[in-house]
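Fold and geometry: a report
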Amino acid sequence: MSTPSIEQLAINTIRTLSMDAVQKANSGHPGTPMALAPVAYELWQRHLRYDPSEPLWPGRDRFVLSCGHASMLLYSVLHLAGVRRVDHHGNPQDGLAITEGDIKNFRQLGSPCAGHPEYGEAAGIETTTGPLGQGVGNSVGMALAARWLAAHYNRPGFELFDFRTYALCSDGDLMEGISGEAASLAGHLKLGNLLWIYDDNSITIEGETELAFSEDVAKRFAGYGWNTLRVDDANDLAAIGRAIEAAKQTTDRPTIIILKSIIGYGAPNKANTHAAHGAPLGADEVKLTKKFYGWPEDAQFLVPDEVRKHFAEGVGRRGQAAREAWERKLAEYAKSFPKEAAELRTMWAGKLPEGWDKGIPTFPADAKGLASRVSSGKVLNGLAKHYPWLIGGSADLAPSTMTLLEHTDSLSSHNYGGRNLHFGIREHGMAAVCNGLSLCGIRPYGATFFVFTDYMRPALRLSAIMRRPVIYVLTHDSIGLGEDGPTHQPIEHLSACRAIPQLDVIRPGDANEVAECYRTAIQRMHHPAAMVLSRQNLPTLDRTKFAPASLCGRGAYVLAEAPGGKPQAIVMATGSELDIAVKAWEKLTAEGIAVRLVSVPCFEWFDEQDDAYRASVLPREIKARVAVEAGVRQCWDRFLGEHGRFVGMSTFGGSAPYAALYKHFGITPEHVIAEVKAALGRA
Ligand SMILES: Cc1ncc(C[n+]2csc(CCOP(=O)(O)OP(=O)(O)O)c2C)c(N)n1
Ligand SMILES: [Mg+2]
């Protein structure tokens with residue numbers, strides 16, 4: 001056999017590392033890394049502007065492996081390219097992000113080589129992928145981030161933000177609806193800095209794609225306004241290179257390269273390859289495949305020295321030169337544009353700008369009050385004035401969610417610097433795009449009706465897994481929205497959202513709680529926030545009579561104590577039911593029943609307080625507890641205990657004016673009073 005070229009050697013190293021890791025773990029997908037090794041090689045080695053010695057360089061191209069089941073492809077490439085480990089601040093350290101040991105521990109506890117790529121586990125993993133479709137969704141946010149950052153911060157001669165986003169995706173990615181939402185938006189916004197490479201291998205888990213997928217992908221993407229290219233052989237490096245080059249030249253619209261590949265390329269036993277779709281090849285087949293590649297059959301996890309050297313001389317050298325040139329440019333930029341440079345440094349450090357909270361309003365006591373969506377709009381506008389990279393929009397509901405930033409423009413393909421985003425009616429795409437924006441340093445918010453969190457929950461969950469501080473503005477929070485009826489009325493959604501770890505679910509009870517909850521949420525750089533807001537007016541409490549709203553940051557606080565300070569019972573409430581609880585408290589107090597009133601804007605924040613604080617708000621000995629919230633009881637049990645009582649919903653809502661609904665479903669001060677009395681044995 002002739003000596004293989006260094007290209008072939010490098011590609012086969014990616015393949016065999018992936019096969020060996022899957023075989024050793026006895027779990028995982030080897031076939032797709034084997035087939036896509038050439039395109040990954042070509043992209044990384046010849047095109048990606050990426051410096052393995054500074055993996056978090058802000059000017060880097062982004063590479064997203066949307067078909068996260070092929071994770072070994074990414075780990076192999078990161079290892080071979082010599083991507084350095086980073087510390088918690090993102091500073092490069094000695095050693096590799098993915099070591100040989102990590103690869104040998106693929107899919108084992110403690111290894112960054114998890115079953116699917118997990119953001120934060122190792123430098124070079126730009127986002128968490130695994131649920132098909134999310135990665136391509138994120139890639140649109142990343143490409144949009146580049147355009148927005150360029151519009152805001154580039155200056156003539158200082159193109160700091162010209163990075164491209166590349167995503168590798170599979171049949172599953174394109175079948176999932178989210179990819180359609182994201183691609184449609186990317187086409188509309190003419191994101192010419194975005195390239196998807198679609199692994200058109202005509203196979204998914206159940207078999208040939210003929211079973212369920214026969215659309216013309218090229219036509220579909222042409223319809224979205226994308227440039228579509230085809231490469232018929234996934235082993236043809238030259239053709240792949242030409243297609244990527246053509247994509248780079250196409251700057252007025254995104255490009256998709258439809259790349260024909262054969263899953264498990266090189267595995268001689270076709271039936272076995274099919275079976276191995278989502279399973280290891282088996283030791284014998286691994287040997288036969290290595291033989292086909294001209295690889296030593298018995299070697300495992302073999303990395304020829306010249307392959308590392310080859311990557312160092314390719315992506316390594318090119319990336320370092322590009323990064324150093326960029327750093328020099330940034331240093332010059334900082335001299336001419338010190339304010340902008342300082343902003344960028346703050347953004348990259350994940351910090352808030354100086355004076356970010358100067359515009360947060362306070363609201364005077366007012367019995368008529370404001371809908372919390374309205375106070376939210378005022379607070380958001382106040383924040384945006386001093387937080388230049390706070391941008392966002394809604395899924396076609398800006399007038400209802402009150403999320404428009406005044407005195408700023410709409411973002412469009414004619415004006416990438418706009419701060420008001422129009423996601424269209426694409427909630428799932430919106431959340432995935434927000435994750436992508438956030439991964440590039442922007443502080444995004446996305447808005448819709450609370451009930452439609454069901455339409456974006458997978459991406460919302462990924463914000464939480466990745467700890468990205470995306471702000472979700474979710475209005476029309478309950479039956480309180482009234483006439484739109486049961487389809488629009490969240491019932492189980494507060495419990496469903498509170499069930500997501502690391503997500504702050506926030507339901508402020510009046511305008512000042514809205515302001516203070518934003519103040520806390522904005523500072524939580526490692527938690528996404530779901531701001532749950534009312535459509536109907538909520539009275540603005542007189543804070544000379546009630547405790548200050550600044551206590552919201554503790555998650556729950558004593559809004560009003562029983563006169564005499566010896567409560568027999570506790571009434572808890574959130575959001576629009578706070579006013580109902582206040583009225584109940586006032587009546588009970590007038591009747592001489594000693595009740596403490598507790599506002600609970602955020603369970604997660606309360607959970608983070610120390611025992612002493614939590615016990616001071618909810619003393620263990622007080623068993624007579626009543627909670628009122630226009631949702632299901634589920635998540636309240638731990639605060640209520642076995643003697644506690646709940647005033648809320650247990651069925652879907654109804655279509656009627658909101659006051660009639662509250663009455664109909666018994667979410668009233670009278671009902672709360674009756675439950676308190678019953679809990680005290682005074683029924
Ligand atoms: C949202 C979602 N649904 C289901 C799965 C489970 N799953 C993993 S891979 C896969 C299909 C694989 O087919 P394809 O996307 O064509 O990738 P290939 O096997 O060709 O690499 C499925 C259904 C998933 N990861 N994400
Ligand atoms: Mg496939």
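What counts and what doesn't
Residues numbered from 1 in each chain as written. Chains lettered and ligands numbered in written order. Predicted model: local features only at pLDDT ≥ 70, side-chain atom pairs only at ≥ 80, totals over all residues. Heavy atoms only, no water. Buried < 20%, exposed > 50% of the residue type's maximum accessible area, 1.4 Å probe, protein only. Helix = DSSP H or I, 4+ residues; strand = E, 2+ residues; numbered from the N terminus. Arc of directions from axis to C-beta. Contact = heavy atoms within 4.5 Å. 1 Å grid on protein atoms, 1.4 Å probe; cavity = no way out; pocket = protein on both sides within 12 Å on 5 of 7 lines; lining within 4 Å. Points joined across faces, edges and corners; volume = space filled by probe spheres on them. Nonpolar A, V, L, I, M, F, W, Y, C, P; charged D, E, K, R; others polar. Near = heavy atom within 4 Å. Polar contact = N/O pair within 3.5 Å; in protein donor to acceptor, adjacent residues only side chain to side chain. Areas by Shrake-Rupley, 256 points an atom, 1.4 Å probe, with all protein chains shown as cover. Domains from an automatic or database assignment. Pairing = 2+ DSSP bridges. Axes fitted to C-alpha atoms, helices over the stretch in contact; angles between N-to-C directions.

This brings us to helix 13 (residues 338–348). Every buried residue of helix 13 is listed here: Glu340, Ala341, Glu343, Leu344 and Met347. Down the axis of helix 13, the smallest arc covering the buried residues is 155°, so these residues share one side. Among the exposed residues of helix 13, those oriented more than 90 degrees off its buried face are Pro338 and Lys339. Buried residues along helix 13 sit in contact with helix 5 (134–153) and helix 12 (305–336). Positive phi appears at glycine 350, one or two residues downstream of helix 13, with a value of about 70°.

Here we come to unusual backbone geometry. For aspartate 396, which is not glycine, the phi torsion reads 65° and is therefore positive. As for its placement among the helices and strands, aspartate 396 is situated in the loop between strand 11 (390–394) and helix 15 (398–401). Using a relative accessible area of 52% as the deciding quantity, one classes aspartate 396 as exposed. For glutamine 502, which is not glycine, the phi torsion reads 75° and is therefore positive. As for its placement among the helices and strands, glutamine 502 is situated in the loop between helix 18 (493–498) and strand 15 (504–506). Taking the relative accessible area as the measure of exposure, glutamine 502 reaches 30% and is therefore partly exposed.

Attention now goes to empty space enclosed by the protein. Counting across every chain of the model gives three cavities of 30 Å³ or more. Estimates place the volume of the largest cavity at around 50 Å³. Lining the largest cavity, in full, are Arg164, Thr165, Tyr166, Gly192, Asn193, Leu194, Leu195, Ala247, Lys248, Thr250 and Thr255. The set of elements that each furnish at least two residues to the lining of the largest cavity consists of strand 4 (165–169), strand 5 (194–200) and helix 9 (237–249). Residue composition of the lining of the largest cavity, by class: four nonpolar, five polar and two charged.

Thr32, Ser170, Gly172, Asn201 and His277 are the nearest of the 15 residues found near ligand 1. In the model, an oxygen atom of ligand 1 is placed 3.0 Å from a nitrogen or oxygen of the aspartate 171 side chain. With respect to ligand 1, the side chain of asparagine 201 contributes an N or O atom lying 2.6 Å from an oxygen atom. The protein chains hide 75% of the 580 Å² of surface that ligand 1 would expose on its own.

The subject of this paragraph is the domain arrangement of the protein chain. Taken domain by domain, the protein chain comprises domain 1 (6–322), domain 2 (366–539) and domain 3 (548–682). Taken over C-alpha atoms, the centre of domain 1 sits 51 Å from the centre of domain 3.

It is worth spelling out the sheet that holds strand 1 (residues 62–65) at this point. With respect to topology, five strands assemble into an open sheet ordered 1-4-5-9-8, the strand pairing being parallel. A strand with exactly one partner marks an edge of an open sheet, and here the two such strands are strand 1 and strand 8 (227–231). The mean inter-strand angle of the sheet, taken between neighbouring strand axes irrespective of direction, is 15°. In this sheet, strand 9 (residues 255–260) lies alongside strand 8 in parallel orientation, the contact comprising five bridges. In the sheet register, leucine 229 faces strand 9, and the bridge partner there is isoleucine 257. Each of strand 1, strand 4, strand 5 and strand 9 touches helix 2 (residues 31–46); the most contacted strand, strand 5, lies at about 155° to it.

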